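These are the residues of each chain, in order.
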Amino acid sequence: MAEIIVVTSGKGGVGKTTTSASLSMGLALAGHKTAVIDFDIGLRNLDLIMNCERRVVFDFVNVIQGDATLNQALIKDKRSDNLFILPASQTKDKDALSKEGVEKVLGELTETFDYIICDSPAGIEQGAQMALYFADRAVVVTNPEVSSVRDSDRILGILQSKSRRAEQGLPPVKECLLLTRYEPERVEKGEMLSVEDVQEILAIDLLGVIPEDQAVLSASNEGNPVIMADSTPAGQAYQDAVKRFQGEEVEHRFLTAEKKGLLKRMFGG
Amino acid sequence: MNLKIAADFQSTFVIEISDPSPNQFAQALTKHLAQAPAMFEFATVILAPHDLVDLPDFIQQCRDQRLIPVGVRVDLLDDQSLAQQLADQAQAQGLRIYPPSRHQSRAEKRHGQTEQWGFQFVTRPVRSGQTIYAQEKHLVVMSQVSAGAEIMADGDIHVYGPLRGRALAGVRGRESSRIISQNLDAELLSVAGVYQVRDDMPQLQGAAQVRLQDEQLIFEHLNAD
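Figured I'd write up the structure that's included with this text. (Residues numbered from 1 in each chain as written. Chains lettered and ligands numbered in written order. Predicted model: local features only at pLDDT ≥ 70, side-chain atom pairs only at ≥ 80, totals over all residues. Heavy atoms only, no water.)

### A look at the overall build of chain A
At step 1: When helices and strands are counted, chain A shows 13 helices and eight strands.
At step 2: For 269 residues, the compact-globule formula gives about 18 Å, and the C-alpha radius of gyration of chain A, at 18 Å, lands near that figure.
At step 3: Its C-alpha atoms put chain A at 65 × 40 × 35 Å along the principal axes.
At step 4: Within chain A, buried positions represent 53% of all 269 residues.
At step 5: Considering only contacts in chain A between residues 6 or more positions apart, those separated by 24 or more positions represent 73%.
At step 6: For chain A, the exposed area adds up to about 12400 Å²; of that, 48% sits on carbon and sulfur atoms.
At step 7: Across chain A, the centroid of the 30 positively charged side chains sits 2 Å from that of the 41 negatively charged ones. (Helix = DSSP H or I, 4+ residues; strand = E, 2+ residues; numbered from the N terminus. Rg over C-alpha atoms; globule rule 2.2 N^0.38 Å. Buried < 20%, exposed > 50% of the residue type's maximum accessible area, 1.4 Å probe, protein only. Contact = heavy atoms within 4.5 Å. Areas by Shrake-Rupley, 256 points an atom, 1.4 Å probe, with all protein chains shown as cover. Lys, Arg positive; Asp, Glu negative; His and termini not counted. Charge placed at Lys NZ, Arg CZ, Asp CG, Glu CD.)

### A word on the overall build of chain B
At step 1: Scanning chain B for helices and strands turns up five helices and 15 strands.
At step 2: Radius of gyration (C-alpha) of chain B: 22 Å, far over the 17 Å computed for a compact globule of 225 residues.
At step 3: A principal-axis box enclosing the C-alpha atoms of chain B has dimensions of 70 × 50 × 35 Å.
At step 4: Counting across all 225 residues of chain B, residues that qualify as buried make up 42%.
At step 5: A sequence separation of at least 24 residues applies to 38% of the contacts in chain B between residues at least 6 apart.
At step 6: Of the accessible surface of chain B, which amounts to about 12700 Å², a share of 47% is contributed by carbon and sulfur atoms.

### Here we look at the sheet that holds strand S10 (residues 166-169) of chain B
Consider a sheet: its strands pair through backbone hydrogen bonds, and that pairing is either parallel or antiparallel.
All names here are of chain B.
At step 1: Read across the open sheet, the five strands follow the order S6-S8-S10-S12-S13; overall the sheet is mixed. Strands with a single pairing partner mark the edges of an open sheet, and in this sheet they are strand S6 (131-134) and strand S13 (194-197). Adjacent strand axes in the sheet meet at a mean angle of 5° when their direction is disregarded.
At step 2: Where S10 lies against strand S12 (residues 188-191), four bridges are found, and the strand directions are parallel. Within the sheet, the bridge partner assigned to Ala-167 lies in S12 and is Leu-189. (Pairing = 2+ DSSP bridges. Axes fitted to C-alpha atoms, helices over the stretch in contact; angles between N-to-C directions.)

### So, helix H1 (residues 16-29) of chain A
Because the α-helix completes a turn every 3.6 residues, residues three or four places apart line up on one side.
At step 1: Counted at 1.5 Å a residue, the expected span for H1 of chain A with its 14 residues is 20 Å, and the 20 Å between its end C-alpha atoms agrees.
At step 2: Within H1 of chain A, 13 of the 14 residues are buried, leaving the element largely enclosed by the surrounding structure. (Expected span 1.5 Å × (residues − 1).)

### Structural notes on the interface of chain A and chain B
At step 1: Residue-level contacts link 14 residues of chain A with twelve residues of chain B.
At step 2: Buried surface at the junction of chain A and chain B, summed over both partners, amounts to about 1100 Å²; 34% is from carbon and sulfur atoms.
At step 3: Of all residues in chain A, Arg-150, Asp-153 and Gln-160 of chain A bury the most surface against chain B, accounting for 45% of the area lost on that side.
At step 4: At the surface where chain A touches chain B, the tally comes to three salt bridges.
At step 5: With a shortest N-O distance of 3.8 Å, Arg-150 of chain A and Glu-187 of chain B are connected by a salt bridge.
At step 6: In this assembly, chain A and chain B are joined by seven residue pairs in polar contact (both at pLDDT 80 or more).
At step 7: For the side of chain A that touches chain B, the secondary-structure elements that each account for two or more residues are helix H7 (146-162) and helix H10 (195-202) of chain A.
At step 8: Top contributing element to the side of chain A that touches chain B by residue count: H7 of chain A, with seven residues. (Buried area = accessible area lost by both parts, 1.4 Å probe. Salt bridge = Lys/Arg side-chain N within 4 Å of Asp/Glu carboxyl O. Polar contact = N/O pair within 3.5 Å; in protein donor to acceptor, adjacent residues only side chain to side chain.)

### Description of the pattern of salt bridges
All names here are of chain B.
At step 1: Across all of its chains, the model carries 19 salt bridges over all chains by this definition.
At step 2: In this structure, Glu-41 engages Arg-66 in a salt bridge whose closest nitrogen and oxygen atoms are separated by 2.9 Å. Remark: Arg-66 occurs in the loop between helix H3 (55-64) and strand S3 (68-73) and Glu-41 occurs in the loop between helix H2 (37-40) and strand S2 (44-49); sequence separation between them is 25 residues.
At step 3: Arg-172 is the partner of Asp-154 in a salt bridge, and the nearest nitrogen-oxygen pair spans 3.1 Å. In this pair, Asp-154 sits in the loop between strand S8 (150-153) and strand S9 (157-163) while Arg-172 sits in the loop between S10 and strand S11 (178-184), placing the two residues 18 residues apart along the sequence.
At step 4: Look at Arg-172 and you get buried, because its relative accessible area is 18%.

### Re helix H4 (residues 80-92) of chain B
All names here are of chain B.
At step 1: Here H4 is 13 residues long and its end C-alpha atoms lie 18 Å apart, about the 18 Å a rise of 1.5 Å per residue gives.
At step 2: Here H4 has its buried residues at Gln-80, Ala-83, Leu-86, Ala-87 and Ala-90. Looking straight down H4, one finds that the buried residues subtend no more than 115° of arc, so they occupy a single side. (Arc of directions from axis to C-beta.)

### Some thoughts on the packing of aromatic side chains
Two aromatic rings, taken as a pair, are described by how far apart their centres are and by the angle between their planes.
All names here are of chain A.
At step 1: Throughout the structure, instances matching the rule amount to seven aromatic pairs over all chains.
At step 2: One residue, Lys-33, lies across the ring of Phe-113, its end atom 4.5 Å from the ring centre.
At step 3: Across the ring face of Phe-245, the terminal group of Arg-137 is positioned such that the distance to the ring centre comes to 3.8 Å. (Phe/Tyr/Trp six-rings, centres within 6.5 Å; stacked < 30°, edge-to-face > 60°. Lys NZ or Arg CZ within 6 Å of the ring centre and 35° of its normal.)

### Quick word on the environment of Phe-119 of chain B
At step 1: Structurally, Phe-119 of chain B is set in strand S5 (residues 118-122).
At step 2: Residues Phe-119 of chain B and Gly-155 of chain B, 36 residues apart in the sequence, show an inter-C-alpha distance of 8.9 Å.

### A short note on the sheet that holds strand S1 (residues 12-17) of chain B
Residues and elements named next belong to chain B.
At step 1: The sheet built from four strands is open, its strands ordered S1-S2-S3-S4 with parallel pairing. Each edge of the open sheet carries a strand with a single partner, namely S1 and strand S4 (96-98). Averaged over all neighbouring strand pairs, the angle between strand axes comes to 30°, with direction disregarded.
At step 2: Packing of H4 onto the sheet brings it into contact with S2, S3 and S4, and relative to S3 it is tilted by some 155°.

Structure, rendered in structure tokens:
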């Protein structure tokens, strides 16, 4: 029985697709059969971040409309046998996604996969609601910035009231926070919201804190989920987050500003 | 069967009746409708009499003229017992009573009735964009109320956590309503329609309450020492 996870935020550009790519890669590398689905119909990004944009033949909408089978549309990742990507349609609109169609596709995936990750589009309208509707767990991606926090709070309210679990009176969706683009130096100067500030407002469990890292942009451009960049802070933070996601207790890193010793200051850190 | 229900808004006319005589009503109604027959054709109407009337008769007269009565306003009557009779008639006819609140709170003001309202409990955080309305109850929120959320009650409001959104107590006129919170940090507060926005509120840290006194909101620390 698969767990359906939605990666959502409300606010755009905070790191949902980056997170979906790294989370799904991390789970696949840990041995779980994982599917990651792009729910952003019309603004398809996941295939670019995962480096499979040149292998897209059929997409999510094709499967829903019966033009292709799920097997024909799923793209197997070249880096892990456990990882499959279902890209979004670039040309159709989001009205092509119907609840029944999505339910059918998820139903088919649940039979053989351990984790199904739904990469949500930004916003709170139909696309985002469709992505979160069937979720068992939610990763709410937030930047330590006031409008992102407000929008995350909004999406939490929607998860509580408009998910299938809410509508059917089932145990609620398990929510957790992933704070991204964190800069401890700015937090210490008082320029940026701290983890504690954000948690005070959102009041949900903390999955992880991903530091601001230039490696994220490079990884995007290369088409390699940043979790694979072992030597980078962002990569390591994602690895920690994936472990916590599976229930392991891992201490949070990258929360305090690095104190540069004399040598580092002289020769660059 | 799949039903699809959506809100459809159209104008409803309020017919203010100053003379309780059915004959007078018939004449006046005919005259008015003749001025714009198309507009009133199957229009929904609310009857607002100044005196107790024979409601079934008035309703039938409306229907004879192809008007559709949907409600009755009872607050134009000064005599509370007559207003209650009118309300009872309206209920018997299956019509909505307008405004149910003002009718109650006027009674409350004049006769000092204390309502036997219960409590509505909310145990999860109230998130931005969510609205809670405790109708004919007091509201107790056992968690935080986020900025961008709106909580309302006919009675009092208690928040066992930070109150960062909008809170409106006594929304149907109950002036004795209070808003109490462990951490009053609201965007807007209102008691019985008298409101203040954040900018105009005094700086209060910690547990505090808001109440209405002489048409003004009073902010007080709890357990002031």
